Amino acid sequence: RGGAHLVLTGHMHQVFALAESHEDHVCWFVSASTAFSIRTRDEPAGFNLLTVEDDHFVMDVYVATTEGDFMHSETRHLNRKESEIFPEHPGKPGI
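How each quantity is defined
- Residues numbered from 1 in each chain as written.
- Predicted model: local features only at pLDDT ≥ 70, side-chain atom pairs only at ≥ 80, totals over all residues.
- Heavy atoms only, no water.
- Pairing = 2+ DSSP bridges.
- Helix = DSSP H or I, 4+ residues; strand = E, 2+ residues; numbered from the N terminus.
- Axes fitted to C-alpha atoms, helices over the stretch in contact; angles between N-to-C directions.
- Phe/Tyr/Trp six-rings, centres within 6.5 Å; stacked < 30°, edge-to-face > 60°.
- Buried < 20%, exposed > 50% of the residue type's maximum accessible area, 1.4 Å probe, protein only.
- Polar contact = N/O pair within 3.5 Å; in protein donor to acceptor, adjacent residues only side chain to side chain.

A. View of the sheet that holds strand 2 (residues 16-21). Read from one edge to the other, the open sheet built from three strands follows the order 1-3-2, with strand pairing classed as mixed. Of all strands in the sheet, those bounded by a partner on one side alone are strand 1 (6-9) and strand 2. Going across the sheet, the axis of each strand differs from the next one's by a mean of 20°, ignoring polarity. Here strand 1 runs beside strand 3 (residues 26-31); their pairing, made up of four bridges, is parallel. Residue pairing across strands places Thr9 opposite Ser31, the latter belonging to strand 3.

B. Representation of the packing of aromatic side chains. Applying the stated criterion across every chain, the model contains two aromatic pairs. Aromatic side chains Phe47 and Tyr62 sit 5.1 Å apart centroid to centroid with 5° between the ring planes, which places their arrangement in the stacked category. Here Phe47, found in strand 4 (residues 46-52), pairs with Tyr62, found in strand 5 (residues 56-64); they are 15 residues apart in sequence, far enough to count as distant. Using a relative accessible area of 32% as the deciding quantity, one classes Phe47 as partly exposed. Ring plane angle 75° and centroid distance 5.1 Å describe the contact between Phe47 and Phe70, whose orientation is recorded as edge-to-face. With Phe47 in strand 4 and Phe70 in strand 6 (residues 70-79), the pair connects residues that are 23 residues apart, well separated along the chain.

C. Highlighting the side chain of His56. Residue position: His56 is located in strand 5. For His56, a relative accessible area of 3% puts it in the buried group. Within the structure, His56 has its side chain in polar contact with the side chain of Asp55 (distance 2.7 Å).

Structure below.
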């Protein structure tokens, strides 16, 4: 309503990206797993690294390993104009 394009949520301890469409833009609600808690709710501990691009957000998901560090798990491209997620950015394979 206020023109926000991205809202970071918490407390759920689950990775998700949900879109709410408006007339002129899409607002993404993004949540990560938990980086520090041992209460993981069926997902490993982790965090998201978000990058803002002109037409989309890049959501890189990192998960904890048994060695105590984090590794890259997946990348999601969140379209800022339509409520869709691309595994790779259209026109830019491998991003």
